[in-house]
Amino acid sequence: MPISFRFRLIPFIACLLLVSLGIALAQWQTHRAQEKETLAAQLTERQHLPALVLNSQTPPEQLQAFRKLQVSGQFIREWPLYLDNRPLQGKAGLYVLMPFKLADSSKYVLIARGWHVRDARDRMHMPDIPAPAGQVVLEGMLRDKLDRVMQLGQAEVVKPGSLLQNIDVEALAKQTRWDFYPFVLEQTLEQASAQKDGLSRDWPMPSAGADKHRGYAFQWYALALMAFLFFVVTGFRRGKN
């Protein structure tokens, strides 16, 4: 019995859409993997550089993401901020942030002080984390922005003690009228105080997960191939005698 191929428009359109979607998503995942690998290379290179002392004379071109910075000044202790939905090692928690005024300068830096576990009994109860008074010296890693989470509803006006989904340093500067540097400093070391604040500073590496993205890309390419093969196989039918 002869075998012929029967072309059908609707299955062809469905196949075309699935193949296009699979390839597009696979390419996006591949691009994300390449971004993560680039970040890993930058992170490795800049972590081996000595900490850059930040002051009014620091050239802006040296303020690169993942560069270690050292800052001297004082916390604005009346302005704690909290970033919600930041789990760590399977535990619900939040990031504690606080503005930091540089010594002998009108400039401010937003410091991500660390991670704190969430109050399981009262979700809206924010931890009272002590901040050292007076002049302190801190070290941290420069981040052009913190990882974002899904924003539920409109972003609220930032005020002391706000619980936020995400933070925009530029918007914070406009609301407070303080002259912020356009980045966040993830604190890693406090040199001028032995005060224990109970915060974890095991910051997630932004370069992690390249292999995961490549795995997802493989799955999407496989889906596109399966859609094409299904269309071809089901299009063949046996002819009549």
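Refer to the preceding data block for the structure.
Residues numbered from 1 in each chain as written. Predicted model: local features only at pLDDT ≥ 70, side-chain atom pairs only at ≥ 80, totals over all residues. Heavy atoms only, no water.

A.B. asks: For this particular structure, what's the right way to read unusual backbone geometry?
C.D. replies: Outside of glycine, negative phi angles account for most residues, and trans bonds account for most peptide bonds. Unlike most non-glycine residues, Phe-66 shows phi in positive territory, near 75°. In this structure, Phe-66 sits in the loop between strand S2 (52-53) and strand S3 (68-75). Given the relative accessible area of 4%, Phe-66 is considered buried. Positive phi, close to 55°, is recorded for Asp-104, a residue that is not glycine. Tracing the backbone through its elements, the reader meets Asp-104 in the loop between strand S5 (93-102) and strand S6 (107-117). (Helix = DSSP H or I, 4+ residues; strand = E, 2+ residues; numbered from the N terminus. Buried < 20%, exposed > 50% of the residue type's maximum accessible area, 1.4 Å probe, protein only.)

A.B. asks: I tried to follow the nonpolar core on my own but got confused; where do I start?
C.D. replies: Nonpolar side chains in soluble globular proteins generally cluster together in the buried interior. If you look at the biggest cluster of nonpolar residues, it comprises 21 residues, and the most contacted ones within it are Leu-81, Leu-83, Leu-97, Leu-110, Ile-167, Leu-172 and Phe-180. Secondary structure elements with two or more residues in this core: strand S4 (81-83), S5, S6, helix H2 (169-176) and strand S9 (179-190). With four residues, S6 is the largest single contributor of residues to this core. Discounting chain neighbours no more than four positions away, the residues touching Leu-81 are Tyr-95, Val-96, Leu-97, Leu-110, Val-158, Lys-159, Gly-161, Ser-162, Ile-167 and Leu-172. If you look at the next biggest cluster of nonpolar residues, it comprises 17 residues, including Phe-75, Val-109, Leu-142 and Phe-183. (Core = buried A, V, L, I, M, F, W, Y, C linked by side-chain atoms within 4.5 Å. Contact = heavy atoms within 4.5 Å.)

A.B. asks: Honestly, the side chain of Thr-176 in this entry has me stumped. Any pointers?
C.D. replies: Relative to the helices and strands, Thr-176 resides in helix H2. At a separation of 2.8 Å, a polar atom in the side chain of Thr-176 contacts the main-chain carbonyl oxygen of Leu-172. (Polar contact = N/O pair within 3.5 Å; in protein donor to acceptor, adjacent residues only side chain to side chain.)

A.B. asks: Even after reading the chapter, I still don't get the side chain of Arg-113, so can you show me in this structure?
C.D. replies: Checked against the element boundaries, Arg-113 lands in strand S6. When its relative accessible area of 1% is taken as the criterion, Arg-113 is described as buried. A polar atom in the side chain of Arg-113 sits 2.7 Å from the backbone oxygen of Pro-130.

A.B. asks: For this particular structure, what's the right way to read a nonpolar patch on the surface?
C.D. replies: On the surface, a cluster of nonpolar side chains totalling about 930 Å² of accessible area is made up of Phe-5, Phe-7, Leu-9, Ile-10, Phe-12, Ile-13, Leu-16, Leu-17 and Phe-236. For the nonpolar patch, the element with the most residues is helix H1 (residues 9-47), which contributes six residues. Counting through the fold element by element, Leu-17 comes out in helix H1. (Patch = residues over 30% accessible without salt bridge, like charges linked within 9 Å, V, L, I, M, F, W, Y side chains within 5 Å. Areas by Shrake-Rupley, 256 points an atom, 1.4 Å probe, with all protein chains shown as cover. Salt bridge = Lys/Arg side-chain N within 4 Å of Asp/Glu carboxyl O.)

A.B. asks: Just checking my understanding: could you explain the packing of aromatic side chains for this structure?
C.D. replies: Aromatic ring pairs are described here by two measures, namely the spacing of the ring centres and the angle between the planes. For the structure on display, the rule yields eight aromatic pairs. Geometrically, the ring pair formed by Tyr-108 and Trp-178 is stacked, given 4.9 Å between the ring centres and 5° between the ring planes. Taken together, the residues Tyr-108 in strand S6 and Trp-178 in the loop between H2 and S9 connect sequence positions 70 residues apart. On the basis of relative accessible area, Tyr-108 is assigned to the buried category, the value being 10%. For Trp-178, a relative accessible area of 21% corresponds to the partly exposed category. One aromatic cluster is present, formed by Trp-79, Tyr-108, Trp-178 and Phe-180 through successive ring pairs. The lysine or arginine in question, Lys-107, covers the ring of Tyr-181, its NZ or CZ lying 4.4 Å from the ring centre. (Phe/Tyr/Trp six-rings, centres within 6.5 Å; stacked < 30°, edge-to-face > 60°. Lys NZ or Arg CZ within 6 Å of the ring centre and 35° of its normal.)

A.B. asks: Looking at this structure, how should I read helix H3 (residues 210-235)?
C.D. replies: Every α-helix winds through 3.6 residues per turn, so residues three or four apart in the chain are directed the same way. Across its 26 residues, H3 extends 38 Å between first and last C-alpha, which sits within 8% of the 38 Å expected from 1.5 Å per residue. Within H3, the full set of buried residues consists of Ala-210, His-213, Ala-217, Ala-224, Ala-227, Phe-231 and Gly-235. (Expected span 1.5 Å × (residues − 1).)

Note that every value here comes from positions in space, so none of it alone points to a role or purpose.
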